[in-house]
Each structure stands twice: as structure tokens, then as C-alpha cells.
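# Coordinate analysis (summary)
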Amino acid sequence: MKYPNNQNSDLWDLYVLSAAVLCVNPRLVGGIVVKSFASDVRQTWLDIINEFLPSSSHIVKVPTNISDERLIGGLDLVATINSGNPVVQEGILSQANGGYLLLPMAERNTPLTIASICSALDSNQVVVEREGISKINQTEFSVIALDESDLNESLSPALTDRLSMHINLHELSTHDICPAYIEKSDVVSARTLLPKIKFEDNDREKISAIALSLGVHSIRACIYTQHVARIIAALHDHTEIDTSDLSLAIQLVISPRATMLPSNMQEEDEDEQEQPSDENEENMDDDSNDGDQSHEQNISPDDEIILEAAQAAIPSDLLNNLKSNKKISSINSGKSGTLQKSKHRGRAIGTRNGVPRGGEKLNILATLRASVPWQNIRKQAQYSALNNSVKIHSEDLRIQRFKHKTESVTIFVVDASGSSALHRLAEVKGAVELVLSECYVRRDQVALVAFRGTQAEILLPPTRSLVRAKRSLASLPGGGATPLAAGITSAAVLATQEMSRGIEPTIVLLTDGRANITLSGEQNRELAFEDALKCSRQIRAQNIKTLVVDTSPRPHENAQKLAKEMHAQYVPLPYADALALSNVIQHSTHKNTQAA
Amino acid sequence: MSPPFPFTAIVGQDEMKLALMVSAVDHLVGGVLVFGDRGTGKSTAIRALASLLPKVKMVKDCQFNCDPEELPLTLCEMCSSTSKKESVKSSLQTIPVVDLPLGATEDRVLGALDIEIALTKGEKVFEPGLLAKANRGFLYIDEVNLLEDHIVDSLLDVAASGENVVEREGLSVRHPARFVLIGSGNPEEGELRPQLLDRFGLSVEVKTPNDIKTRTQIIRLRDEYESDKEAFVKKWKRKDGAVRRKITKAKELLPSVKVKDSVLEKAATLCSQLGTDGLRGELTLISSARAHAALEGEKNVSDKHLLKMARSALRHRLRRDPLDESSSTSRVDRALQELF
């Protein structure tokens, strides 16, 4: 095997290979996800792409703040007015035809941007239905998505599914870079060789089996693997795909998508580490397990080698998660940076001057009205072939303004520690579920933060998806110490983030107030509560609407103190059931919204 | 434009394929929602269906695809003002499948003032939107759960009334817009609004197949298609043709398909057991079972047709416990087992 060990220079070679694959035939492979912060390594990698590119191709950059009209295309209003004829402005998706779309900070793109890119990738066309323009542009491009996400964000799964190769440059430093082992001439000759390389059913079966045993269910990944394998064979000047080509393709496409380890390997690890945890077992996907056992016998020694290489190529952070049997926290849907105030919804409240941009609506009547007084002067002053036409200048343009309700998000901060869990974690779960369904009707978003042991975790970033909310709630384990301060802090951070997006947060803190872990993670009851009070002041300073629900069996002064410090509403909840709790929360959030 | 992947070459996903065919046979079934995993061929199937639809008569040069045989009341202003049927010229045209892209603006969806004419001539002329184009055909929305709320608002009313009323920019226009709504999406990316969910007659859940044989076959067919699209489509032309004829025949047969009282009763019992809201559940169940029977070439709707369509017709209509989404299929299954 060529890359059985994770030596970094070998890894670099693999990534150089991925760049070459992308440049041989961009259309077949969809694109690539590059996980990396801005770094020299990434720049070197991008330079390689630039070198390998055919001269006819070009790279079009998509800034994260791109507006729909620039992305998809639309009417160029100013040019239209100046010329008197509709002038169509081509969107970036159409401009990228035959080249590459580069998405820096791809995780920050809006879901709409991502959906438009995905649909163009799928159908090879851009459908423009905007501002009086109805048009279909053919476009074929491939995507280079630079993923700079950290823990709280991630790239939209809809996009990553459509991009074949995923590479992770985090693991490399500048020392690992060595001269590219593939040269531009290899890429050029691979293009001519590619059509001659055929794929066998036998190899397809291997791909399916290995994908399934690593828990990769997407069919797209399997389809891409065969294309990538063919291109790799062409690059290596093979006329047939051999095992090493196939193995490399699997390492680039399947391994980064792994959601589980093959069952035999998992068992070994559990024996070694002696920490099989029962409560996590139920998290495992039942279907995939069943499927797994049935084809285990089918894997031949040859495939074993490929499978081993595939496992070796699983990125280390992902591997650690898989080994500890921890479910990879279900990722957000790329909502970051979206949801500005709607520009085209709500009650109309008059107009303002300006050229409409980014989905703003032109009020035609007001625009015409504004231009009327100037018609005589303009007709005299200006030569025009169209003498009957209305002369409109860009200063006449009027934009429709709308008033609309702000969106809101309810952040549940759940104390899942031992002391709380004993009493009423189940009740809290029930109440949160009820409130969730209420939020669903109101189209509010919900988020879930849980704290136990030594830290707080955002189990569910703000979402409207009930499927995900339900799933993350059901898998919320209880027990352990109470890091109250950490819980409050992460809720405050989340709330601030949401406020910066123009969404109004409400925090619902469900705790018994018995903190015993300090912010720094030490066990000290008194200090821990001090810390919690300090963090509470943060919330007050930010002026975030908060509700403290005391979940201890009898109303406890700790929780009251907390509430006071936060300027929050305090609700003691002795022996209440889920329904009562839900009523209180609903009542108070509703009241708060009205007051605002 | 490259030819779409053939409908019959899609491996598995029988429920989705049947639901799409049923909605093609009877427009009154009211649309299909396909929800499920990524990469399961949702959009592929829907785009493939477009090429299988039979041709229908339309008034020539009518912007709204009016039916020359219909009563003047349901026609657009221009067609209904033409007094005699004989004077209307008609032509055979393919049933339209209109894409509603996510980035569409409201004016293109509903129709709006023609800006070009307004600016150059100062005249008020209505420029029909996508809803006009989709009249008597299909309106397809990919990633329907990501559609912007203000577009959903305008769709809902039109889908319910079958008529698009435009009152904006000094225009006052109404035209027929009866279309079958087809939506697809991934529930992980966001919920569908209940009001919109209700507009879909059938809903289908698709899953990625998990056995090696099926997966291998899918990969092989996809590769064959991509390496030579024209040849691949040609190879499947006969099978696709058979499906097209099946749909055409079923459409002819549909008016003569009978539903016995006993079957009606069963449908009603099923719905009351499941506690579906209103009567739409029963109606959709019956009309889809009838279309299914027509597809099979049978003149009587029997239990097996009911059984086959029950899941698609009812799973999204159960009294909404929004957190219990995943198990709604099994709830329908349980009720079916009790009844049959």
C-alpha cells in the first residue's frame, strides 16, 4: 500500500493528487471541500490548482455576502434606465460556466446561496426567474469550498454531499509541503487517457461494500468514487484501474465521510480501551449495523487492504469521535449569517429613494410619479430615439419598504447534572418538547444547551427542524456534576450571536442552582456559585430576556439569587408536570415578546 | 440541454415512482411531496417524469395554457371572451413541468407589470409569471422547505383556489392557475409549514437503499448515463414509452373506474381511526386509489389499491404531534394491519 501510515508528506501527496483530479475533469467530480483556515499550506494547494488548470478555465470567487441578483442574475436597473432597454446582468453561476466556483468561508453562505449552487450543480443550468426576466442559462462548473468552520458551525451537508473529495489541511504544516509529485503534463495526458478507462462491476461492489461498512450511505459518494478512481488511474498512466487507484479514491471520497468504524475494528478498540458505554449504544444506527453484518463475509483479502487504507485515511478528529463511540453532533444547516431583516415581506409602509439591491422591491408607481415633474425638462435636454418614452433617471427610483415581525429564538439551557437529573430531567425534556411544538406553530427557532460533568455543550444550534430537535433531546444523557457557570456562559454567547443576526433571543434556564464546578473546571461549591453569579451579570448587561425555572424539589434560594442577578423572571416548580412547565414558559416568552 | 435520466432506469423507490405516476393520471389527487435523504434520486425522478407526460389540447398562443373544451368560466379573460368554440384554434402540447427556483422573485412567480413596456411606452401590460406557465401542468419546487416565506404565502392561496389574482402596481388581473404541486426536500434542513404540507395530496419518504446489489446497480446505471447520455436514453426509450402509454391509458380509463361502497367505508374507517383532520384524507385516499386502479387497468377499486396508497395519502395528515414525525408511517401501518 502506498499510504498505510499517516506520514504527513504522504498525506500532502494525497492532497496534491486531489488537486490534479479536480483539474483533469471538473465536471465528473463535482468539486472539493477543503477544510482549513487561511494558511500557507492552503495557499500552496490553491497555487497547485492554478498551475494545473487548463488555460480555458477560470476561477470565480463567491463572496459570502453575495446577493441573489449577483449569484443568479437579474435586471441591471441602472443600465436598463440609461439604455431604455432591459439589460440583463449575468449572475456568477452563469459566469462560472466551464470553470470553478471558489467559496471562501463556505460555511458562512446562506442556505439560499447553497441551494442555488446545488441546483446548478445538479441540473447544469441556472434558472433565472427574477424581476421580469425569465431565462435558462447552461452552466457547468465545479466547486472549491474552503471550509473554515470551527466547532459551532459547519458546512451545509447538502453542498458537501455534492462535492466528491473532502480534504483536511488542518493536519499539515508548511514543513510537510514537498514538491508536487504530479506535473502539469500528467494532468494534460490524463485528460486524453480518461475516456479509455472503464469501470468494472466488481469494483463497484467493492465501493458499495466499503462505503456501507464505514457508514457512508450517500449514493452520490459511491458514484463519485468511481469517477475519481478512473481519473487517478489516468493520472498514474494506468490503462486499467488497479487496487491502489481505487484505494486512493476511497481515501479521498469515502473515508472523510465515515460515520462509523467497521464492526470488527470497533470491537478491538473497545477491548483495548475497555470503555464500552451502554447509553451510547442506542445512538448507533440500527440499519447500518444490520447491513454491515450481512456483507462482512463478502470482503475479500484484497478489499481488506483497501478498507484498512480507507480507515487510516479517516481524519484524526473524526476518528477520535468514532472511536469513543460518540455520535458526531448533528451539524447545523449552515444558517450562519443569514436571516437579515426581510426586505419583501410584511405590511407595506411607504417608499424610500435608492436603487433596489439584494431582493428589494421597486415600487414602479412611485418611481413613475417621481419622474413626472421632470419629463418636459428631460425631453428637451436629452436626445433620445424613443421620444414617447418616459424619461426616468436613477434618482427617481423608489424602493418599497416593509415592516415585519422580528424572528425569535428560544434557547433552552438544561441542567442535566446528577442532582437535577434525579429529580426531573424527564419532566424538563417533556416540557421542552411541548414548547418546541408551540415554537413550530409560531415559526420560532429553538436551540438547546445542556451542561453536566465539567462543561456545557450546544446540543442543538438554533433550528426550526423538529426532527433534529427531537433527536438531540432524546439523546441527552443525565448525571454528573453541575458546571452552572459554563452553562450560563455558553447560553449568553449563543444569545449574543443570535442578536447580532437580528434575531431576538429568550433564554430559558432550567436548573436547581446547585453549582459545584467552577468556570475553570475545579470542584468547589462556593466558588462555583460565585462564578455562576458573575456569568449571570453578563446576561443582565446584554439585556437578554431570561426565565429561570427552579427545578429543585423545593424552591431554593440559589436559583432565586441567580434570577435576581440576571434580572430574570423566576418560576419555582415544585412537583409540576411537563404540561404546567410548558405553560409557564409559553406564557412568559409570549409576554416578553409583546412587551418588546 | 442534455436529456434527463430515464424514469424507468431509476432503481427501487417504487413508492415515489407510483405516487408520481398517480398524480400524473389524476390532477385532483393534488401533488406529491418527496422528503428524504440526500442523493436518493428525488429530483431525478421528477425531472424524468416530465418527459413521460402525454400531450394535451391547449388554446393556441394562450399564455395560460387554456383548455379549448372547457367552460368559459374557468378560462382566462382572453379565451373566455372568444364566444364560439369553433373559432378557437387549438394545438397539442406537452403538459408543462415548471421549475420554481428558490431564488425566484415574487413578480416572476405571480406575474407583474411588464417593466420594459411600462418604461418605454408607458403602457400597463401584464406579464404572466410561473403560475401562469404551470396552469394545467406541474409546478416543481426543489428544496421546498427552504422556499422563502413570502413566496409560500402567495403560492398557498393560488394552490387552494386554482386562480391567481394579481392586484399590484395598478394592475388587476385574474387568470386560472390550476397546477399540481411537486416538492422535494430534506427534513433535516428545516420543516415545511403545516399549511403548505396540507397542499400536497401524497407524501413520500425516500431512503437510501442499503444492500450492495442495489447500490452497485445504481452506480453502474448512473455511470452508463453519464458516459453517453443520448445512447443511454435511447436504450431505455421502449420501457419509458410503455410507462407513457400506461399513463395515457389510465387517464382514459379513469372516469369509468368505480369505487364500491365497501371500499369507501374502509377508507372512512381508516381515516377516523388515525384521526386525520377534515375530509381531505379520505378524498385523497380514494382518488389516488382510483388512479392506481386505472394504472393497473382495472375498473374497480379494491382493497389492495387502498392499501398501496394509504401510506402516501395519509402519513402527513395525522393529527400533528410535530415531534412524532418519524413514526407517522408506522402509525399508518398499524392502523392498516388492524383493518385488513
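Sequence order as written defines residue numbering, which begins from 1 separately in each chain. To read the labels, note that chains go from A and ligands from 1, taken in the order they are written. Reporting of local features is limited, given that this is a predicted model, to residues whose pLDDT is at least 70; pairs of side-chain atoms are given and counted only at 80 or more, and all residues count toward the totals for whole chains, interfaces and linings. The side-chain figures draw on all heavy atoms in the structure; neither hydrogens nor water molecules are used.

Looking now at the overall build of chain A. Helix and strand definitions here come from DSSP, where helices need a minimum of 4 consecutive H or I residues and strands a minimum of 2 consecutive E residues; each element is numbered from the N-terminal end. Along its length, chain A carries 25 helices and 17 strands. Any two residues whose heavy atoms approach within 4.5 Å are treated as being in contact. In chain A, once contacts between residues fewer than 6 apart in sequence are set aside, the share between residues at least 24 apart is 77%. Here the Shrake-Rupley method, with its probe set to 1.4 Å, supplies the accessible areas, and only the displayed protein chains count as covering residues. Counting every atom, chain A has about 25,700 Å² of accessible surface; 49% of that belongs to carbon and sulfur.

A tally of helices and strands in chain B yields 15 helices and 13 strands. Classification of residues uses two cut-offs on accessible area relative to the type maximum, computed with a 1.4 Å probe and protein chains only: under 20% is buried, over 50% is exposed, and between them is partly exposed. Expressed as a percentage of its 340 residues, the buried residues of chain B come to 56%. A sequence separation of at least 24 residues applies to 76% of the contacts in chain B between residues at least 6 apart.

All names here are of chain A. Confidence scores per residue from the predictor, reported as pLDDT, run from 0 to 100. With 77% of its residues at a pLDDT of 70 or more, chain A has an overall mean of 76. Within chain A, helix α14 (residues 278–281) has the poorest average pLDDT of any element, 39, and strand β5 (residues 100–103) the best, 92. When the criterion is pLDDT under 50, residues 265–298 qualifies, and its contacts beyond four places in sequence or with other chains add up to 36 contacts. Confidence drops under a pLDDT of 50 for residues 592–596, and excluding neighbours within four residues, the segment shows 3 contacts in the predicted structure.

In this section: the sheet that holds strand β8 (residues 142–147) of chain A. In a beta sheet, neighbouring strands are held together by backbone hydrogen bonds and run either parallel or antiparallel to one another. Residue and element names in this part refer to chain A. A pair of strands is labelled paired if DSSP reports no fewer than 2 bridges between them. As summarised here, the arrangement of the 5 strands in space is β2-β5-β8-β1-β9, forming an open sheet in which the pairing is parallel. Across the chains shown, the open sheet's two edge strands, defined by having one partner strand only, are β2 (59–61) and β9 (165–168). Strand-to-strand, the axes of this sheet are offset by a mean angle of 20 degrees, without reference to chain direction. Sheet topology places β5 next to β8; 4 bridges connect them, and they run parallel. Looking across to β8, one finds that leucine 101 is bridged to valine 143. An axis is simply a line fitted to the C-alpha atoms; with a helix, the fit covers only the stretch in contact. Between two such axes, the angle follows the N-to-C directions and lies from 0 to 180 degrees. Across the sheet, helix α1 (residues 8–24) is in contact with β1 (31–35), β5, β8 and β9; its angle to β9 comes to roughly 150 degrees.

Here, the term nonpolar core denotes a set of buried Ala, Val, Leu, Ile, Met, Phe, Trp, Tyr and Cys residues that are joined through side-chain atoms within 4.5 Å. Within the largest apolar cluster, 135 residues are counted, with the highest numbers of intra-cluster contacts made by Val21, Trp45, Ile144, Leu214 and Leu235 of chain A together with Leu20 and Leu285 of chain B. Non-local contacts of leucine 214 of chain A, meaning those with residues more than four positions away in its chain, are made with Ile254, Ala258, Thr259, Met260, Pro262, Leu307, Ala310, Gln311 and Ile314 of chain A. Counting residues in each nonpolar core, the second largest holds 48 residues, with Ala96, Ala106 and Cys118 of chain A together with Phe126 of chain B among its members.

Let us look at helix α15 (residues 328–339) of chain B. Note on helix geometry: an α-helix contains 3.6 residues per turn, so any two residues three or four positions apart are oriented the same way. Residues and elements named next belong to chain B. The end-to-end C-alpha distance of α15, which contains 12 residues, comes to 17 Å, matching closely the 16 Å that a straight helix rising 1.5 Å per residue would cover. Along α15, the residues classified as buried are Ser328, Thr329, Val332, Ala335 and Leu336. For α15, the angular spread of buried residues about the axis comes to 125 degrees, placing them on one side. Exposed residues lying more than 90 degrees from the buried face of α15 are Gln337 and Glu338. What a helix should span is 1.5 Å times the count of its residues minus one. The arc in question is the one spanned by the directions pointing from the helix axis to the C-beta atoms.

Next up on the list: the sheet that holds strand β16 (residues 545–550) of chain A. Residues and elements named next belong to chain A. Taken together, 6 strands build an open sheet; the order of strands is β14-β13-β12-β15-β16-β17 and the sheet is mixed. On the outer flanks of this sheet lie β14 (455–463) and β17 (569–572), each paired with one strand and no other. Taking the axes of each pair of neighbouring strands and ignoring which way they run, one obtains an average angle of 15 degrees across the sheet. Where strand β15 (residues 504–511) lies against β16, 6 bridges are found, and the strand directions are parallel. In the sheet register, valine 508 faces β16, and the bridge partner there is leucine 547. The strands touched by helix α21 (residues 466–474) within the sheet are β13 (445–452) and β14, with β14 carrying the most contacts at an inclination of about 160 degrees. Here helix α24 (residues 557–566) sits on the sheet in contact with β15, β16 and β17, set at roughly 175 degrees to β16.

With that out of the way, let us pick up the pairing of β14 of chain A. Residue and element names in this part refer to chain A. The sheet contact formed by β13 and β14 spans 6 bridges and is antiparallel. Among the inter-strand pairings, phenylalanine 451 is bridged to a residue of β14, identified as alanine 456. Hairpin connection of β13 to β14: 2 residues between the antiparallel strands, including glycine 453 at a positive phi of 65 degrees.

For this document, the term salt bridge refers to a Lys or Arg side-chain nitrogen within 4 Å of an Asp or Glu carboxyl oxygen. As enumerated under the stated definition, the model contains 25 salt bridges over all chains in all. Notably, a salt bridge pairs arginine 42 of chain A with glutamate 148 of chain A, separated by 2.8 Å at the nearest N-O pair. With arginine 42 of chain A in helix α3 (residues 40–52) and glutamate 148 of chain A in the loop between β8 and α8 (157–162), this residue pair connects regions lying 106 residues apart in the sequence. Overall, arginine 42 of chain A belongs to the buried group, its relative accessible area being 10%. The buried category is assigned to glutamate 148 of chain A, whose relative accessible area is 18%. Each of the salt bridges in this network shares a partner with another, and the network as a whole consists of Asp201, Arg204 and Arg230 of chain A together with Arg220 and Asp223 of chain B.

Right, let's get into the environment of arginine 280 of chain B. Residue and element names in this part refer to chain B. Note on placement: arginine 280 falls in helix α13 (residues 280–295). Placed 33 residues apart in sequence, arginine 280 and alanine 313 show a C-alpha to C-alpha distance of 9.5 Å. Beyond its immediate chain neighbours, meaning those up to four positions away, arginine 280 contacts Asp198, Arg199 and Arg317.

In this complex, chain A contributes 67 residues to the contact, which on the side of chain B involves 54 residues. When two components associate, each loses some accessible surface as probed by a 1.4 Å sphere; the sum of these losses over both components is called the buried area. When the two sides are added together, the surface that chain A and chain B hide from each other amounts to roughly 5,800 Å², 59% of it contributed by carbon and sulfur. If you look at where chain A meets chain B, you find 5 salt bridges. The closest approach of N and O atoms between arginine 108 of chain B and glutamate 129 of chain A, which form a salt bridge, is 2.8 Å. Polar contact is defined as a pair of N or O atoms within 3.5 Å, subject to the rule that within protein one atom must be able to donate a hydrogen and the other to accept it, and that residues adjacent in sequence are counted only when both atoms are side-chain atoms. Linking chain A with chain B are 10 residue pairs in polar contact (both at pLDDT 80 or more), by the criterion used here. Here the residues of the side of chain A that touches chain B are counted per class, giving 27 nonpolar, 20 polar and 20 charged. Nonpolar residues are Ala, Val, Leu, Ile, Met, Phe, Trp, Tyr, Cys and Pro. Charged residues are Asp, Glu, Lys and Arg, and all others, Gly as well, are polar.

Before going further, it helps to examine a positive patch on the surface. Residues and elements named next belong to chain B. Only residues whose relative accessible area exceeds 30% and that take part in no salt bridge are eligible for patches, with like-charged residues grouped when within 9 Å of each other and nonpolar side chains (Val, Leu, Ile, Met, Phe, Trp, Tyr) grouped when within 5 Å. Charged-residue counts in this description rest on Lys and Arg as positive and Asp and Glu as negative, His and the chain ends being excluded. Where a charge lies is defined by one atom per residue type: Lys uses NZ, Arg uses CZ, Asp uses CG and Glu uses CD. Among the surface-exposed residues, Lys234, Lys237, Arg238, Arg244, Arg245 and Lys249 lie close enough to one another that they form a single positively charged patch. Residue contributions to the positive patch peak at 5 residues, all from helix α11 (residues 237–253). Note that arginine 244 resides in helix α11. For arginine 244, a relative accessible area of 34% translates into the label partly exposed.

This part covers the side chain of serine 154 of chain B. All names here are of chain B. Within the element layout of this structure, serine 154 appears in helix α7 (residues 149–161). A polar side-chain atom of serine 154 sits 3.0 Å from the main-chain carbonyl oxygen of isoleucine 151. Not counting residues within four places of it along the chain, the set of residues in contact with serine 154 comprises Glu106 and Leu110.

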